[in-house]
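Structure assessment
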Amino acid sequence: MKQRIVRIALGLLVMLVFLVHAARLYPEPIRFITQLDNIIYDFRLRRTMPKGVDNRIVILDIDEKSLAEIGRWPWGRDRLASLIEKLFDKYGIVLLGIDVVFAEPDVSSGLPVLEGLAKNEIRNDARLQSLLGKLRPMLDHDGLFAKAIKGRPVVLGYFGILAGRSAEEANETGALPDAVLPPGTFAGKNIAFTTWKGYSGNLPQFQKNAAGGGHIEAQTDFDGVLRRVPMLAEYKGAYYEAFSLAMIRTMIALDSGKFPNVVPGYAPDRFISKGYPGLEWLEVGPLRVPVDEEASALIPYRGEQGSFRYFSLADVMAERTPVEALKGKIALVGTTARGLFDLRSTPVSGVYPGVEVHANLIAGMFDRSIKQKPRYVQGAELILLLIGGVVLAILVPFLSPLRATLVSLASLALIIGLNLAMWSINIVLPLAASLLMTVALFALNMSYGYFVESRSTRQIKELFGQYVPPELVPTMAKDAKKYNMEPRDAELTILFCDVRGFTGISEALTPDHLREYINEYLTEMSAIIRSRHKGTLDKYIGDAIMAFWGAPVNDPDHARNGVLAALEMQRECLSLTQRFESRGWPQLKIGIGLNSGTVRVGDMGSRVRRAYTVIGDPVNVASRTEGLTKHYGVGILVGEATKNKVMDVVFREIDKVRVKGKDEALTIFEPIGLDVEVEQKVLDELRLWHQTLKAYRARHWDQVEVSLLNLQRMSQGCALYELYSRRVPLHRRTALPEEWDGVTVFDEK
């Protein structure tokens, strides 16, 4: 029990490690567990992606073909203005999102140079000034672009500069769109928003004329993989929306005629505890966008790159793309060209275009397929870890290795099944900590059992392995301190077994055959004693066997186990005789004697040789009882102390004897078999025999002789009945003393 308590305590300590991780009480989370959670999340995502192509959204790609055909990026804004007009007027797209930031003016037309000349060298040339005035609208590429997007549903992207970056990067360029939520919206809420120190926006005239704008800031996890995007980011107290959210709001505005507000969604007040932010979603018109504790949304990847149709911008600008391919679509302008650095590492691919990330988010918002990972899943994980950890830490130490394995596997299956069930309803529960804790608890118990408890088992085997049954060694190892070889007093049952006529057998066999004969006999008998009836093998004395029951492991049924072992040894003797006779060897006959009583058991002997054995008067009586089996012609004899401890075996009383060295008479019995197995005719014979024995001790010789004749007819050739038949005439002729009590005296050794 002490070892189990140690294992339980260690198991609870393992559980505590994972609880502290899940509760985020460490200064930093355990990276291995977090990374494993990411790997599991990615695996589940890949296995459950809908795949296929979403035809609602198309991607207009600044690809390598476009760069080769049109020229290196950036292109002139006049070209882009023409592109926008063509997309809406010719191709009939319904909404355009541009995943490119226009932070610097376009000077490719040379207008700034001409403006400089107009202010200096040609400021007095009226004709040139007039000509410049006519050319200015055509040369103002930025103006053309601003005019093209004005009044059209075009959403621009921009970058936020994270607060963790250096001061040099924390600048403000371009213009920000209007914040979707004002300062103070989340006052008192413990929300870890993505916070900016600056931004890189589009030129003010572009942002002013666009229908909307959203940040295209990526939020990669510590392993560099893009799994989520901040739906809201905080800058100077105000909150700005993501590019995909701006696209959704603009699309809803096209349908309803009004831009929907972004409304924070909170868990019910009764579920919000101290420190829990409560923000779980953002409502945008009829749509609800799930967000996590950092107001980020998990990206609902449809599949690998190509889940949305791509069209090269070179083909669109040259009008090689069919009109019906773009008509009525939501279009996103982005790039897959490696030189433009908008390729990301994602759960579905190591190289994935950033523009398709936005497409996945837009489609996921429309389909309401974005997975939820609100802050409350942390509490759910803690509860699962606590319940599972306590149950396994307490239960597994009490189980066998096989059952512990089955329970652990069942626990893993239950954890995974529950996790998948929650995933199917779009709730993401952490899985790594629960799996690792279950495996760790199993490994702890198995390794503890192997390295600690097996050491006790090995020690027990070293001490008792050659004596006790192998099946008892694990039981003894559970409390190794309890079992040692120090001599002690104990009530045991002792067995002696000897081969009858061994001298004749040895004379009839060659030395090699005699060795095989004895080895086979000793092996079979020892197996019966040790393996089948939990006895302790003491020693071999030539062809004799000495064994006992009740030590070193306590056995309340020591007498019964000893008697049943003796009965099986006699049955095995018949089987061995058949095998031996088939080889031409002499038949095998054995005599077995058993006796029970208090003896001294332990490691005893001399300085030269010691052994785990028993000594005491009951041992001597058992030995002498075995010696009487040949005299009475029976296979087994037991003392009265043994017989009285066995309730379900039928015995035949044989005689009362007084052996050499003993003043008191000893009643000896022959076990016949289990009472449920003995036939009725045998019971009838025993009943007559016991009546005969009673008459014998009362000196009713006539009655005894008649009964013995009947018994001999019932069991012809019974040596016991023949023995008593010879005794009766002798007693008739002998003047027995009045104190004669029917006891037979044996003075020989």
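Read on for an overview of the structure.

Some remarks on the side chain of E234
Along the polypeptide, E234 turns up in strand β9 (residues 232–235). Buried and unpaired, E234 has no salt bridge, with K236 as the nearest side chain of opposite charge at 10 Å. Beyond its immediate stretch of four places on either side in the chain, E234 contacts F193, T194, T195, W196 and Y239.

Re the environment of G265
When you line up the elements, G265 lands in strand β11 (residues 262–266). Sequence separation between G265 and V289 is 24 residues; the distance between their C-alpha atoms is 9.2 Å. Apart from the residues lying within four places of it in its own chain, the contact partners of G265 are G278, L279, E280, W281 and L282.

Brief notes about the packing of aromatic side chains
This model, assessed by the stated rule, comprises 22 aromatic pairs. Geometrically, the ring pair formed by F145 and F206 is edge-to-face, given 4.8 Å between the ring centres and 75 degrees between the ring planes. Taken together, the residues F145 in helix α7 (residues 141–149) and F206 in helix α8 (residues 204–209) connect sequence positions 61 residues apart. Like F145, the residue F206 is buried in the burial classification. Taken together through their ring pairs, the aromatic side chains of W689, Y696, W701, Y721, Y724 and W740 make up a single cluster. Residue placement shows R31 over the ring face of F222; its charged tip is 4.3 Å from the ring centre. A cation sits over an aromatic face here: K643 above F669, 5.3 Å from the ring centre.

Points about the sheet that holds strand β12 (residues 279–284)
Strand order in the open sheet formed by three strands is β11-β12-β13, with antiparallel pairing between adjacent strands. The open sheet terminates on both sides in strands that have one partner only, identified here as β11 and β13 (287–290). Taking the axes of each pair of neighbouring strands and ignoring which way they run, one obtains an average angle of 30 degrees across the sheet. Sheet topology note: the β11/β12 ladder contains five bridges and is antiparallel. Counterpart to P264 in the pairing with β12 is L282. Seen against the sheet, helix α9 (residues 243–256) touches β11, β12 and β13 and runs at an angle of roughly 35 degrees to β12.

Examining helix α18 (residues 511–532)
For an α-helix, the turn length of 3.6 residues means that residues three or four places apart are oriented alike. With 22 residues, α18 ought to run about 32 Å at 1.5 Å a step, and its terminal C-alpha atoms sit 31 Å apart, in line with that. Taken as a whole, α18 has its buried residues at L514, Y517, I518, E520, Y521, L522, M525, S526, I528, I529 and R530. Elements that come into contact with the buried residues of α18 comprise β19 (488–499), α17 (502–508), β20 (536–541), β21 (544–549), α19 (558–582) and β22 (590–605). Positive phi shows up at K534, right after α18, with a value of about 55 degrees.

With respect to the nonpolar core
If you look at soluble globular proteins, the nonpolar side chains tend to sit buried side by side. If you look at the biggest cluster of nonpolar residues, it comprises 54 residues, and the most contacted ones within it are M231 and Y301. By size, the runner-up hydrophobic cluster in this structure holds 39 residues, among which are L514, Y517, L564 and F669.

Considerations on the packing of helix α22 (residues 680–697) against helix α24 (residues 719–733)
Their axes nearest at 12 Å, the elements α22 and α24 cross at an angle of 20 degrees. Put simply, α22 runs roughly parallel to α24. Note that α22 runs across α24; the crossing there is left-handed. Counted together, E685, W689, L693 and Y696 of α22 and L720, Y721, Y724, R727 and H731 of α24 form the full contact between these two elements. When grouped by side-chain class, the residues that make up the contact of α22 with α24 number six nonpolar, one polar and two charged.

Quick look at the sheet that holds strand β7 (residues 219–220)
In space, the three strands of this open sheet follow the order β7-β8-β14, with antiparallel pairing throughout. Single-partner strands in this sheet number two, and they are β7 and β14 (296–298). When β7 meets strand β8 (residues 226–230), the two strands line up antiparallel, connected through two bridges. The residue bridging Q219 from the neighbouring strand is R228, located in β8.

Thoughts on the environment of R77
Its place among the elements puts R77 in helix α4 (residues 77–89). Judged by relative accessible area, R77 falls into the buried class, the value being 8%. Along the backbone, R77 and L144 are 67 residues apart, and their C-alpha atoms lie at a distance of 7.2 Å. Those residues in contact with R77 that lie beyond four places of it in its chain are F102, E104, P105, D106, H141, D142, F145, L203 and F206. A distance of 2.6 Å separates a polar atom in the side chain of R77 from a polar atom in the side chain of D142.

Concerning the packing of α22 against helix α23 (residues 701–714)
For any two helices packed against each other, one specifies the crossing angle of their axes together with the interaxial distance. Interaxial distance between α22 and α23 falls to 9 Å at its minimum, and their mutual angle equals 160 degrees. Regarding the angle of α22 to α23, the classification is roughly antiparallel. In this structure, α22 crosses over α23, and the sense of that crossing is left-handed. The residues of α23 that touch α22, namely those facing K681, D684, E685, L688, W689, T692, A695 and Y696, are W701, Q703, V704, S707, L708, N710, L711 and M714. Tallied by class, residues from the contact of α22 with α23 come to nine nonpolar, four polar and three charged.

Some details on the pattern of salt bridges
Any two side chains of opposite charge can pair, on the condition that their charged atoms come close. Applying the stated rule across the entire model yields 35 salt bridges. One salt bridge in this structure joins R579 and E520, with 3.1 Å as the shortest N-O distance. Within this pair, whereas R579 is found in helix α19, its partner E520 is found in helix α18, the two being separated by 59 residues in sequence. You can call R579 partly exposed: its relative accessible area is 27%. A salt bridge links E705 to R732, with the shortest nitrogen-to-oxygen separation between them at 3.0 Å.

Quick word on the pairing of strand β3 (residues 154–162)
Counted residue by residue, β3 has seven buried out of nine residues, so it is predominantly covered. When strand β2 (residues 95–98) meets β3, the two strands line up parallel, connected through three bridges. Considered in β3, the bridge of L96 is made with V154. In this sheet, strand β6 (residues 212–215) lies alongside β3 in parallel orientation, the contact comprising four bridges. Across the sheet, residue L156 finds its bridge partner in β6, namely G213. Direction of pairing for β3 relative to strand β5 (residues 194–200): antiparallel, over a ladder of four bridges.

Considerations on the pairing of β20
By the bridge criterion, five bridges tie β20 to β21 in an arrangement that is antiparallel. Opposite K539, over in β21, you have M546 as the bridge partner. Counting the residues in the hairpin turn of β20 and β21 gives two residues, including G542, whose phi is positive at 65 degrees.

Some remarks on the side chain of E572
Inspection of the secondary structure assignment puts E572 in helix α19. With residues up to four places along the chain from it excluded, the contact list for E572 reads E524, M525, I528 and R579.

Here we look at unusual backbone geometry
Along the chain, W73 connects to P74 via a cis peptide bond; the corresponding omega equals 5 degrees. In this structure, P552 follows A551 across a cis peptide bond, with omega equal to 0 degrees. Considering the arrangement of structural elements, one finds P552 in the loop between β21 and α19. Positive phi, close to 60 degrees, is recorded for E319, a residue that is not glycine.

Cut-offs and rules
Note that residues are indexed from 1 along each chain, following the sequence as it is written. Predicted model: local features are reported for residues with pLDDT of at least 70 only, side-chain atom pairs are reported and counted for 80 or more only, and whole-chain, interface and lining totals are derived from all residues. Side-chain calculation: all heavy atoms of the structure are included, whereas hydrogens and water are not. The helix count covers DSSP runs of H or I at least four residues long, the strand count covers runs of E at least two residues long, and both are numbered beginning at the N terminus. Here the term buried applies to any residue with accessible area under 20% of the maximum for its type, exposed to any over 50%, and partly exposed to those in between, with areas from a 1.4 Å probe on protein chains only. The positive count covers Lys and Arg only, the negative count covers Asp and Glu only, and His and the chain ends enter neither. Take a side-chain nitrogen of Lys or Arg and a carboxyl oxygen of Asp or Glu: if they are within 4 Å of each other, that pair is a salt bridge. Here, two residues are considered to be in contact whenever any of their heavy atoms come within 4.5 Å of each other. Note on aromatic pairs: the rings of Phe, Tyr and Trp (six-membered ring only in Trp) are paired at centre separations within 6.5 Å, and the planes decide the class, stacked below 30 degrees, edge-to-face beyond 60, tilted for the rest. Criterion for a charge above a ring: Lys NZ or Arg CZ within 6 Å of the ring centre, and within 35 degrees of the ring normal. The rule for pairing is simple: two strands pair if DSSP sees at least two bridges between them. Think of each axis as a best-fit line through the C-alpha atoms, taken over the contacting stretch in the case of a helix, with angles from 0 to 180 degrees between the N-to-C directions. By this rule, a helix spans an expected 1.5 Å times one less than how many residues it contains. Joining through side-chain atoms within 4.5 Å is the link that ties buried Ala, Val, Leu, Ile, Met, Phe, Trp, Tyr and Cys residues into a set, and such a set is a nonpolar core. By definition in this entry, angles of less than 35 degrees are roughly parallel, angles greater than 145 are roughly antiparallel, angles of 65 to 115 are roughly perpendicular, and the rest are oblique. Helix crossings get a hand from a simple test, with the near helix turned counterclockwise from the far one by less than a right angle marking a left-handed crossing and a clockwise turn marking a right-handed one. As a working rule, the residues Ala, Val, Leu, Ile, Met, Phe, Trp, Tyr, Cys and Pro are called nonpolar, Asp, Glu, Lys and Arg charged, and the rest polar, with Gly in that last group. Any pair of N or O atoms that falls within 3.5 Å is considered a polar contact. Within protein, one atom must be able to donate a hydrogen and the other to accept it, and sequence-neighbouring residues count only if both atoms are side-chain atoms.

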